Amino acid sequence: MTRRTRGFGHLTIAYDDRVPRPEPWLAEQSRWAADIVARSTDGDLLETCCGAGQVGLLAVALGQRPIVQVDACPVACGYARANADDAGLAGLVEVRRGTPCEALSPAERFALMLADPTPCAGADELTMACLDVAGHHLLPGGSLLLRVGPGRLEVVRREAAWNDLRVVDARHFGDQGSLVRLDVPPGS
């Protein structure tokens with residue numbers, strides 16, 4: 001495979017065709033995450049379906065909060081680790097290979113979760129799995145920033161309640177889909 005690089009915010013991200021390409025517009029998800037954690041309670045970040053790690057890495061670079069990045073693909077995990085090293089963020093980044101159920105202990109809780117299952121096969125199933133992970137692993141008052149494909153926001157809105165999540169904001173990017181913020185109520 002041919003290794004490529006692409007700018008993502010102020011970072012340079014390495015990737016190849018085996019992982020989703022770092023789309024520059026998704027830096028908005030990272031900036032939004034950094035803004036949320038700047039005003040939130042303590043707690044680390046979690047990124048599922050991390051791919052080459054760009055969204056979480058930029059959020060960490062902007063917000064200086066530790067992150068656990070999870071992906072089932074060993075190639076993606078390799079790129080996420082290498083990109084963290086190249087960005088000088090290795091001390092704030094832990095990359096774990098596996099599904100969230102395999103990679104996270106039941107007791108782990110996070111202040112914010114990032115997820116971008118959209119480019120993957122079975123995106124609807126992965127989106128529902130991300131909602132489930134958020135329901136089990138976010139701290140009370142925590143947030144999930146989820147990318148959903150075009151026309152999928154209402155499905156997410158309906159399914160969120162099953163995981164004690166509520167949609168509080170959405171930013172639309174035309175054919176690319178939407179970034180959706182879902183929060184866990186503070187008293188949960």
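Residues numbered from 1 in each chain as written. Predicted model: local features only at pLDDT ≥ 70, side-chain atom pairs only at ≥ 80, totals over all residues. Heavy atoms only, no water.

### A short note on the packing of aromatic side chains
Phase 1 of the analysis: Here the structure, examined in full by the defined rule, presents one aromatic pair.
Phase 2 of the analysis: Taking 4.7 Å as the distance between ring centres and 40° as the angle between the ring planes, the aromatic pair formed by Trp25 and Phe173 counts as tilted. Separated by 148 residues along the polypeptide, Trp25 in the loop between β2 (11-15) and α1 (27-38) and Phe173 in the loop between β8 (166-172) and β9 (178-183) bring together distant segments of the chain. (Phe/Tyr/Trp six-rings, centres within 6.5 Å; stacked < 30°, edge-to-face > 60°. Helix = DSSP H or I, 4+ residues; strand = E, 2+ residues; numbered from the N terminus.)

### Quick notes on the pairing of β9
Phase 1 of the analysis: In terms of burial, β9 is largely enclosed, as five of its six residues are buried.
Phase 2 of the analysis: Looking at chain direction, strand β7 (residues 138-148) and β9 are connected through six bridges and run antiparallel. Bridging across to β9, Val148 finds its partner in Ser178.
Phase 3 of the analysis: Here β8 runs beside β9; their pairing, made up of six bridges, is antiparallel. Across the sheet, Arg166 pairs through a bridge with Asp183, a residue of β9.
Phase 4 of the analysis: If you look at the hairpin formed by β8 and β9, you'll find five residues sitting between the two strands, and Gly174 has a positive phi there, around 55°. (Buried < 20%, exposed > 50% of the residue type's maximum accessible area, 1.4 Å probe, protein only. Pairing = 2+ DSSP bridges.)

### Things to note about the environment of Ala134
Phase 1 of the analysis: You can see Ala134 is positioned in helix α5 (residues 123-137).
Phase 2 of the analysis: In the structure, Ala134 is positioned 49 residues away from Asp183 in sequence and 9.2 Å away in space, judged by C-alpha atoms.
Phase 3 of the analysis: Beyond its immediate chain neighbours, meaning those up to four positions away, Ala134 contacts Met113, Leu144 and Leu165. (Contact = heavy atoms within 4.5 Å.)

### Focus: the pattern of salt bridges
Two side chains bearing opposite charge may form a pair once their charged atoms approach each other closely.
Phase 1 of the analysis: For the coordinates displayed, the defined rule picks out 13 salt bridges.
Phase 2 of the analysis: Residue Arg31 is joined to Glu28 by a salt bridge in which the shortest nitrogen-to-oxygen separation is 3.8 Å. Of this pair, Arg31 and Glu28 both sit in helix α1, three residues apart, which is roughly one turn of that helix.
Phase 3 of the analysis: Its salt-bridge partner being Glu108, residue Arg96 comes within 2.9 Å of it at the nearest N-O pair. Of this pair, Arg96 sits in strand β5 (residues 93-97) while Glu108 sits in the loop between α4 (100-103) and β6 (110-115), and the two are twelve residues apart along the sequence.
Phase 4 of the analysis: The structure contains a network of salt bridges with shared partners spanning Arg6, Arg21 and Glu23. (Salt bridge = Lys/Arg side-chain N within 4 Å of Asp/Glu carboxyl O.)

### Here we look at the environment of Leu179
Phase 1 of the analysis: One can find Leu179 in strand β9.
Phase 2 of the analysis: Owing to a relative accessible area of 1%, Leu179 belongs among the buried residues under this scheme.
Phase 3 of the analysis: Each C-alpha atom of the pair Leu179 and Trp32 lies 9.6 Å from the other, and the pair is 147 residues apart in sequence.
Phase 4 of the analysis: The residues contacting Leu179, other than those within four sequence positions of it, are Trp25, Leu26, Glu28, Gln29, Trp32, Leu146, Arg147, Asp169, Ala170, Arg171 and Phe173.

### Focus: the packing of α1 against helix α2 (residues 54-63)
Phase 1 of the analysis: Interaxial distance between α1 and α2 falls to 8 Å at its minimum, and their mutual angle equals 40°. Here the hand of the crossing between α1 and α2 comes out right-handed. Here α1 contributes Ala27, Gln29, Ser30, Arg31, Ala33 and Ala34 to the contact with α2, which in turn contributes Gln54, Val55, Leu58, Ala59, Leu62 and Gly63.
Phase 2 of the analysis: By residue class, the composition of the contact of α1 with α2 is seven nonpolar, four polar and one charged. (Axes fitted to C-alpha atoms, helices over the stretch in contact; angles between N-to-C directions. Left-handed = near helix turned anticlockwise from the far one by under 90°. Nonpolar A, V, L, I, M, F, W, Y, C, P; charged D, E, K, R; others polar.)

### Details of the side chain of Gln54
Phase 1 of the analysis: As for its placement among the helices and strands, Gln54 is situated in helix α2.
Phase 2 of the analysis: The residues contacting Gln54, other than those within four sequence positions of it, are Phe8, Ile13, Pro20, Arg21, Pro22 and Ser30.

### Focus on unusual backbone geometry
Phase 1 of the analysis: Of note, the phi angle at Gln64 is positive, near 50°, even though the residue is not glycine.
Phase 2 of the analysis: The backbone phi angle of Asp164 is positive, close to 55°, even though this residue is not glycine.
Phase 3 of the analysis: Note on placement: Asp164 falls in the loop between α6 (153-160) and β8.
Phase 4 of the analysis: Taking relative accessible area as the criterion, Asp164 reaches 39% and is therefore assigned partly exposed.

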